[in-house]
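Here are the chains, one letter per residue:
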Amino acid sequence: MQEVGVMKNDDMDVLETLVDKLTLAAILEMIERICHKKADNLRNKWKDEITAKYWEKAARQIENINVDI
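This write-up is about the structure you can find in this document. None of the values given here were measured: they were computed from a predicted structure.

Analysis parameters
- Residues numbered from 1 in each chain as written.
- Predicted model: local features only at pLDDT ≥ 70, side-chain atom pairs only at ≥ 80, totals over all residues.
- Heavy atoms only, no water.
- Helix = DSSP H or I, 4+ residues; strand = E, 2+ residues; numbered from the N terminus.
- Buried < 20%, exposed > 50% of the residue type's maximum accessible area, 1.4 Å probe, protein only.
- Lys, Arg positive; Asp, Glu negative; His and termini not counted.
- Salt bridge = Lys/Arg side-chain N within 4 Å of Asp/Glu carboxyl O.
- Contact = heavy atoms within 4.5 Å.
- Expected span 1.5 Å × (residues − 1).
- Arc of directions from axis to C-beta.
- Patch = residues over 30% accessible without salt bridge, like charges linked within 9 Å, V, L, I, M, F, W, Y side chains within 5 Å.
- Areas by Shrake-Rupley, 256 points an atom, 1.4 Å probe, with all protein chains shown as cover.
- Charge placed at Lys NZ, Arg CZ, Asp CG, Glu CD.

## Comments concerning the side chain of Glu-32
Next up, step 1: Its place among the elements puts Glu-32 in helix H2 (residues 24-44).
Next up, step 2: Of the buried charged residues, Glu-32 lacks a salt bridge, with Arg-33 as the closest side chain of opposite charge at 6.4 Å.
Next up, step 3: If sequence neighbours within four positions are ignored, Glu-32 has contacts with Ala-59, Ile-62 and Glu-63.

Next up, the structure:
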C-alpha cells in the first residue's frame, strides 16, 4: 500500500495521460464528483458526518476552480 502523500512516478504518468486524453477541467470535475460520492457513502453507509463534511468541503473547493485548459 502506498503511503499517504507520497506520489510515485507511475501514478503521475497515469494522471498526466488522463489529463492529455481528456482535459484538466474534465479531470477536476471527475474528482469533484468522486468527493461528493465519498461524502454520500460516509454519511449513508458509515454514519460518519464529520469526515463526510471534509469531502463535501473538498468538492466545493474543486468546484470553485476555473480551468480553461
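## A look at the environment of Asp-40
Next up, step 1: Relative to the elements of secondary structure, Asp-40 occurs in helix H2.
Next up, step 2: According to the relative accessible area criterion, Asp-40 is partly exposed, its value standing at 40%.
Next up, step 3: Asp-40 sits 31 residues away from Asn-9 along the chain, and the two C-alpha atoms are 31 Å apart.
Next up, step 4: Once residues lying within four places of it in the same chain are set aside, the contact partners of Asp-40 are Lys-45 and Glu-56.

## Side note on H2
Next up, step 1: Here H2 spans 30 Å end to end across 21 residues, near enough to the 30 Å set by a 1.5 Å rise per residue.
Next up, step 2: Those residues of H2 lying buried are Ile-27, Leu-28, Glu-32, Cys-35, Ala-39 and Leu-42. Buried residues of H2, viewed axially, fall in a sector of 145°; they line one side. Exposed positions of H2 whose direction lies more than 90 degrees from the buried face are Arg-33, Lys-37 and Asn-44.
Next up, step 3: Structurally, H2 contributes buried residues whose contacts are with helix H1 (9-21) and helix H3 (49-63).

## Considerations on a nonpolar patch on the surface
Next up, step 1: Among the surface-exposed residues, Val-14, Leu-15, Leu-18, Leu-22 and Met-30 lie close enough to one another that they form a single nonpolar patch of about 410 Å² accessible area.
Next up, step 2: Sorting elements by how many residues they give to the nonpolar patch places H1 first, with three residues.
Next up, step 3: Position of Met-30 relative to the elements: it lies in helix H2.

## Description of a negative patch on the surface
Next up, step 1: There is a patch of like negative charges on the surface, built from Asp-10, Asp-11, Asp-13, Glu-16 and Asp-20.
Next up, step 2: Position of Glu-16 relative to the elements: it lies in helix H1.

## A look at the side chain of Glu-56
Next up, step 1: Inspection of the secondary structure puts Glu-56 in helix H3.
Next up, step 2: Residues in contact with Glu-56, not counting those within four places in the same chain, are His-36, Ala-39, Asp-40 and Arg-43.

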